[in-house]
Amino acid sequence: MGDKAAEGMLTIADKAPVTSKRKIRADLDNKLPKPYMARGVTAPDTDNPNGTMGHKHHNMSVLQQHVSFFDQDDNGIIFPWETFKGFRDLGFNVVAAFVFMVLIHGAMSYVTLPTWLPSPFFPIYIENIHRAKHGSDSSTYDTEGRFIPANLENMFSKYALTVPDKLSFKELWHMTDSTRNAFDFFGWTASKLEWGVLYVLAKDSDGFLSKESVRRCFDGSLFEHCAKMQKGDVNKMG
């Protein structure tokens, strides 16, 4: 009986070598209450069990918070010019901001609309942003836009092999390869672009992307921090 119970908790299967290479954490319950329960309005991890200090969620889902930085007038709708300005505020040049604007609104606008009729203005409705969740992602957001802490932690235990809780560009690339779903060409591309932009935005001086930066990207507080950093109001995160 004891052996059976122990086997029931194994995270590695000998005939599946990938389970040994990509280890998941077995200690999360000791460091974070109910780490596998999806959180509606906060993005906690083992170092921040209550989410981002000082970050106001305004009763939005974590996915809604992620995009709300780009809602410049706080009306719940993101127009292309607001996305353009948001990327400029983050420090991206005019060409990059324009390309991101076109890609984001071209891919996400229609699925978030409250009607079947397309809009020539390509707005993104924050209320429906969960509809724009694509495949081949990290699964840290669930399909309703909640945040799953365990998936963030396991992302780093699996792929951050050089420095704990930090991803190099090579490890980031490997991670996005490993999370691909079969024949999901849109998801593959979107994942590479999203993580690539995040890496450029938040990598440290040694070329690593920290877990803290990734966590704060999920709840959108990273964007607020980076915009203030561009203005010289705060220092870069480690």
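Details of the structure are given in the entry above.
The residue count restarts for each chain, going from 1 along the sequence in the order it is written. For this predicted model, a pLDDT threshold of at least 70 governs which residues receive local features, and a threshold of 80 or more governs which side-chain atom pairs are given and counted, while totals over whole chains, interfaces and linings are taken from all residues. Side-chain numbers here rest on the full set of heavy atoms in the structure, without hydrogens or water.

**Q** What am I meant to see in the packing of helix α7 (residues 149-159) against helix α10 (residues 211-218) here?
**A** Every axis in this analysis is a line fitted to C-alpha atoms, fitted for helices over the stretch in contact. Angles between the N-to-C directions lie between 0 and 180 degrees. For the purposes of this entry, the term helix denotes a DSSP run of H or I that reaches at least four residues, the term strand denotes a run of E that reaches at least two, and both are numbered from the N terminus. Where α7 meets α10, the axes come as close as 11 Å, and the angle between the chain directions of the two elements is 150°. With respect to their mutual orientation, α7 and α10 come out roughly antiparallel. The two elements α7 and α10 cross, and the hand of that crossing is right-handed. From α7, L152, E153, M155 and F156 reach across to α10, where they touch K211, V214, R215 and F218. The scheme is simple: roughly parallel for angles under 35 degrees, roughly antiparallel for over 145, roughly perpendicular for 65 to 115, oblique for anything else. Crossings are assigned a handedness: left-handed for a near helix turned anticlockwise from the far helix by less than a right angle, right-handed for a clockwise turn. Contact definition: two residues touch when any of their heavy atoms are within 4.5 Å.

**Q** Would you explain the pattern of salt bridges in this entry?
**A** Should the charged atoms of two oppositely charged side chains come close, the side chains can pair. Put simply, a salt bridge is a Lys or Arg side-chain nitrogen that is within 4 Å of an Asp or Glu carboxyl oxygen. Scanning the entire structure with this criterion turns up 15 salt bridges. Among the salt bridges present, the one from R25 reaches E153, with a minimum N-O distance of 3.2 Å. Within this pair, whereas R25 is found in the loop between α2 (18-21) and α3 (28-31), its partner E153 is found in helix α7, the two being separated by 128 residues in sequence. Comparing R25 with E153 shows no difference in burial state: the two are buried. Between D142 and R146 there is a salt bridge whose closest N-O contact spans 2.8 Å. Each residue gets one of three labels from its accessible area relative to the maximum for its type: buried under 20%, exposed over 50%, partly exposed in between, using a 1.4 Å probe on protein chains only.

**Q** Please clarify how the environment of F79 should be interpreted in this entry.
**A** Within the secondary structure, F79 sits in the loop between β1 (77-78) and α5 (80-89). Among the residues examined, F79 registers a relative accessible area of 18% and is labelled buried. Sequence separation between F79 and M101 is 22 residues, and the spatial gap between their C-alpha atoms is 9.2 Å.

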